[in-house]
Amino acid sequence: MTARGMLLSFSDPVAGMVPTLVPFQYNPSEVTRVLRVAPGASGGSGLRVGAPPTETYTFKLELDALDALDKPVTGTLGVGPLLAAIEAMMEPGGGGLAALVGAVVSVLGGGGGAAPVPAPSLPLVILAWSPDRIAPVRIDSYSAHETGFDSALQPVQATVDLSVTVLRDRDLNADQTLANVM
């Protein structure tokens, strides 16, 4: 059996939310991995850096509902739900306790010494290539090319170009223990 990659999204892993899964129907045929050196402090040696390098991946996902007609959701709705799940991984404030607290404070007119409401954050996304290659990531860009449609004009074939940045411990909050364990 061939291992396939997937994206997992946790909107609030502390609250024990069930993850959103986007399994790769086909593994990407090519992945570009880029390491970028963080700029150093001004003045002094050109070899000084501000932080460890950032790591990004770019790859294409091929989605084809015609090869998955036996699957209940894909056979009925095409690849639209998979596209929507990836798009949701780029939406800040996917619910969660912080968004609820912020809404309550706003409605009650919290001000005058109230703690500031934190800016919404993206859901925690995990890129799993294999059991040995798992990393928390942020999806930086998404481009979907819908190339086939059914009679109701739902996309049944699409290519998705993704660019993701690998998140390190320094990029995550202390309460995101799920990512820190990996």
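About the criteria used
- Residues numbered from 1 in each chain as written.
- Predicted model: local features only at pLDDT ≥ 70, side-chain atom pairs only at ≥ 80, totals over all residues.
- Heavy atoms only, no water.
- Pairing = 2+ DSSP bridges.
- Helix = DSSP H or I, 4+ residues; strand = E, 2+ residues; numbered from the N terminus.
- Axes fitted to C-alpha atoms, helices over the stretch in contact; angles between N-to-C directions.
- Contact = heavy atoms within 4.5 Å.
- Core = buried A, V, L, I, M, F, W, Y, C linked by side-chain atoms within 4.5 Å.
- Buried < 20%, exposed > 50% of the residue type's maximum accessible area, 1.4 Å probe, protein only.
- Arc of directions from axis to C-beta.
- Phe/Tyr/Trp six-rings, centres within 6.5 Å; stacked < 30°, edge-to-face > 60°.
- Salt bridge = Lys/Arg side-chain N within 4 Å of Asp/Glu carboxyl O.

Here the focus is the sheet that holds strand β7 (residues 155-166). Spatially, 7 strands are ordered β2-β1-β5-β6-β7-β4-β3 in an open sheet, and the strand pairing comes out antiparallel. Edge positions in the open sheet fall to β2 (20-23) and β3 (31-36), since each of these has one partner strand only. Neighbouring strand axes in the sheet, compared pairwise and without regard to direction, differ in orientation by 30° on average. Where β3 meets strand β4 (residues 54-64), 6 bridges bridge the pair, whose relative direction is antiparallel. Opposite Leu 35, over in β4, you have Glu 55 as the bridge partner. Each of β1 (6-10), β2, β4, β6 (133-149) and β7 is contacted by helix α2 (residues 80-88), which is oriented at about 140° to β6, the strand it contacts most.

The next subject is the nonpolar core. Residues Leu 7, Phe 59, Leu 127 and Leu 162 are the most contacted members of the largest nonpolar core, which totals 26 residues. Broken down by secondary-structure element, the contributors of at least two residues to this core are β4, α2, β5 (124-130), β6 and β7. The greatest single-element share of this core, amounting to 6 residues, is contributed by β7. The contacts of Leu 7, once residues within four sequence positions are left out, are Thr 20, Leu 21, Val 22, Phe 24, Ile 86, Met 89, Val 125, Ile 126, Leu 127, Ile 139 and Leu 162. Residues Phe 10, Leu 124, Leu 167 and Leu 172 belong to the second largest nonpolar core, which totals 7 residues.

What sets the pattern is the α-helix's 3.6 residues per turn: residues three or four places apart point alike. Among all positions in α2, only Leu 82, Leu 83, Ala 85 and Ile 86 are buried. An end-on view of α2 places all buried positions within 160° of arc, on one side of the element. Looking at the packing, one finds that the buried side of α2 touches β1, β2, β4, β6 and β7.

What follows deals with unusual backbone geometry. In the Ramachandran plot, Leu 153 falls in the positive-phi region, its phi being about 65° despite a non-glycine side chain. On the secondary structure map, Leu 153 appears in the loop between β6 and β7.

A few words now on the environment of Leu 8. Looking at the secondary structure, you find Leu 8 in strand β1. A relative accessible area of 15% places Leu 8 in the buried class. Sequence-distant contacts of Leu 8, defined by excluding residues within four places in its chain, comprise Thr 20, Leu 21, Met 89, Leu 124, Val 125, Ile 126 and Ala 128.

Per the stated rule, a full pass over the model turns up 4 aromatic pairs. Aromatic side chains Phe 24 and Trp 129 sit 6.2 Å apart centroid to centroid with 75° between the ring planes, which places their arrangement in the edge-to-face category. Of the two residues, Phe 24 is situated in the loop between β2 and β3 and Trp 129 in strand β5; the sequence distance between them amounts to 105 residues. Taken together, a centroid distance of 6.1 Å and an interplanar angle of 80° make the contact between Tyr 57 and Trp 129 edge-to-face. In this pair, Tyr 57 is assigned in strand β4 and Trp 129 in strand β5, connecting sequence segments 72 residues apart. As far as the burial class goes, Tyr 57 and Trp 129 line up, both buried.

Let us now look at the pattern of salt bridges. Tallying each qualifying case throughout the model produces 4 salt bridges. Put simply, Glu 55 and Arg 33 hold a salt bridge, and the shortest N to O gap is 2.7 Å. Placement of Glu 55 in strand β4 and of Arg 33 in strand β3 is noted, with a sequence separation of 22 residues between them. According to the relative accessible area criterion, Glu 55 is buried, its value standing at 7%. A salt bridge links Asp 161 to Lys 60; the shortest N-O distance between them is 2.7 Å. Placement of Asp 161 in strand β7 and of Lys 60 in strand β4 is noted, with a sequence separation of 101 residues between them. Lys 60 gets classed as partly exposed once you look at its relative accessible area, which sits at 44%. In this structure, a network of salt bridges that share partners links the residues Arg 33, Glu 55 and Arg 168.

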